[in-house]
Amino acid sequence: VTDRDARLSSRAMSSAILRRVSCDAFAAASARAPAVVCASARAFASSGVPKDFKVPPPPVTANAAGTGGRSSSSGITCTVFGATGFLGRYVTHHVAKSGSRMILPTRCGENERQHLKVMGDLGQIVQLDYSIRDEEAIRFAVERSNVVINLVGREWETRNFSFDDVNVNFAKKVAEISAEVGVRRLIHVSALGASVDHPSAYFRTKALGEEAVKEAFPSATIVRPAKMIGVEDRFLNVFAEHSRKYPAIPIIDGGDTLHQPVFVDDVAVAIRRIVHDELTSGQTYELAGDRVYTTDELAQLVIRTIRTRKKTAYVPSFIMKSIACAHESLLRRVPFPMPTPVGLTRSYIDAQTRDYVKQPNSLGFAELGIEPNVLDGYVIDYLRSYRAGGYETGDAPWDHENDDSTIHRARA
């Protein structure tokens, strides 16, 4: 027998011994396992756990399959009320792109909702017709879903729908029906600054809607976004439109109301995180930007961006209310729709007496692992379309080279 054969024989014997020891240890551990499990169960039962304790259900993404893209399956079937609105199209995009099946109830024509079809894979976007007063249609829209997102809201009243109809009664109806059919997650979008004692009817009914949702669906997640900005917004666009229509941009009172505006896409990303995170159930999130502005500062930001020589004009609130009263009186009487300019409603005017800033101790973007965009660069690039002298120059191109360089750096 050579030395090499001896070494191989010794190595084989050592391996056999190790395998036998491992098998004996595994057998001993297996024999002790039932006793250990029983002891753990007895300790758990004697630790004061209530008798009605139930194991929490698996997350809504428990049956996910694939790599996580649009052609994957996230295990989520999500109903979005208000999908054709400003925030709704962004929420639909972000939730659908992870492979979720989307059910989108709307009350508009096909032309107003066709842009939503391409936000998911083939067959993943299902559109339905409904009315906020039709309980059977609401039930049909949510009974197959494990996630429901309510984005429906109204900033002014019409002759067909009041603030209570939209912000309170419909929100309560969705929460009650969702709880009844067994929906797992409900996300209700309210508004930053909502309070039951708010002078504005819009924010007052938003707070009442939150209470109704929490009562009917205690585990609902409440989202309170600040004023949202984006291509389709009704905030900075209003200042830009007024600069093109009027000799000056009207500002109610002194323009000292505080706002913490947030990019609409950041809010949509946050809602997607909330949908995928079970720990957000029952929480309230205030989503606001990184900086606080006054109304006047935001108007000045718009003036600089669109390069106009227009100024701001401070209009006393009582003058605006007198105009708004006449408009709202006609709105409820005439048998045909009337245009309602933003800023010409009593609710909007009353809202200027409060500030809209995130509370220091409230949950927000940080708890969701999101850093909101700053109000600069591509975020407000859409305002350049209001430049009277052209998209690149404007009619007042003084001292604005830095603005364009900032936008180009952000694009890069």
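Scroll up to find the structure this text is about.
Note that the structure is a prediction, hence the values are computed from the model and not measured.

Criteria and cut-off values
- By convention here, each chain's residues receive numbers from 1 onward along its written sequence.
- The model is predicted, so local features are restricted to residues of pLDDT at least 70 and side-chain atom pairs to those at 80 or more, both for listing and for counting; the totals for chains, interfaces and linings are taken over all residues.
- To get the side-chain values, take all heavy atoms of the structure and skip hydrogens and water.
- To obtain each axis, a line is fitted to C-alpha atoms, and for helices this fit is confined to the stretch in contact; angles are then taken between N-to-C directions over 0 to 180 degrees.
- Put simply, DSSP H or I for four residues or longer makes a helix, DSSP E for two residues or longer makes a strand, and each gets a number counted from the N terminus.
- If an angle is under 35 degrees, it is roughly parallel; if it is over 145, roughly antiparallel; if it lies from 65 to 115, roughly perpendicular; otherwise it is oblique.
- In a left-handed crossing the near helix is turned counterclockwise from the far helix by less than a right angle, and in a right-handed crossing that turn is clockwise.
- Between two residues, a contact is recorded if the distance between any of their heavy atoms is within 4.5 Å.
- In this scheme Phe, Tyr and Trp rings, the latter by its six-membered ring, pair at centre separations within 6.5 Å, and the angle between planes marks the pair as stacked below 30 degrees, edge-to-face above 60, and tilted otherwise.
- Exposure classes here rest on a 1.4 Å probe applied to the protein chains alone. A residue is buried below 20% of its type maximum, exposed above 50%, and partly exposed in between.
- If DSSP finds at least two bridges between two strands, the strands pair.

**Q** Requested: an account of the packing of helix H4 (residues 135-142) against helix H5 (residues 163-181), with residues and values cited.
**A** At a minimum axis separation of 10 Å, H4 and H5 run at an interaxial angle of 50 degrees. Judged by the angle between their axes, H4 and H5 are oblique. Two packed elements cross with a definite hand, and for H4 against H5 that hand is right-handed. Of H5, the residues touching H4 (which contributes Glu135, Ile138, Arg139 and Val142) are Phe170, Lys173, Val174, Ile177, Ser178, Glu180 and Val181.

**Q** So what's going on with the packing of aromatic side chains? Which residues, and what values?
**A** Using the criterion set out here, one finds 9 aromatic pairs in the structure. Ring plane angle 55 degrees and centroid distance 5.4 Å describe the contact between Phe81 and Tyr130, whose orientation is recorded as tilted. In this pair, Phe81 sits in strand E1 (residues 77-81) while Tyr130 sits in the loop between strand E3 (125-129) and H4, placing the two residues 49 residues apart along the sequence. Judged by its relative accessible area of 11%, Tyr130 is buried. Taken together, a centroid distance of 6.0 Å and an interplanar angle of 50 degrees make the contact between Phe235 and Phe239 tilted. Phe239 matches Phe235 in its accessibility class, with the two residues each being buried. Joined through ring pairs, the aromatic side chains of Phe163, Tyr202, Phe203 and Tyr356 make up one cluster.

**Q** Give me the sheet that holds strand E6 (residues 221-225): which residues, what numbers.
**A** Across the sheet, 7 strands lie side by side as E3-E2-E1-E4-E5-E6-E11; this open sheet has parallel pairing. Two strands in the sheet have a free side with no partner beyond their single neighbour: E3 and strand E11 (284-287). Neighbouring strand axes in the sheet, compared pairwise and without regard to direction, differ in orientation by 20 degrees on average. Helix-sheet contacts for helix H2 (residues 86-96) involve E1, strand E2 (101-106), E3, strand E4 (147-150) and strand E5 (185-189), and the interaxial angle to E2 is about 160 degrees.

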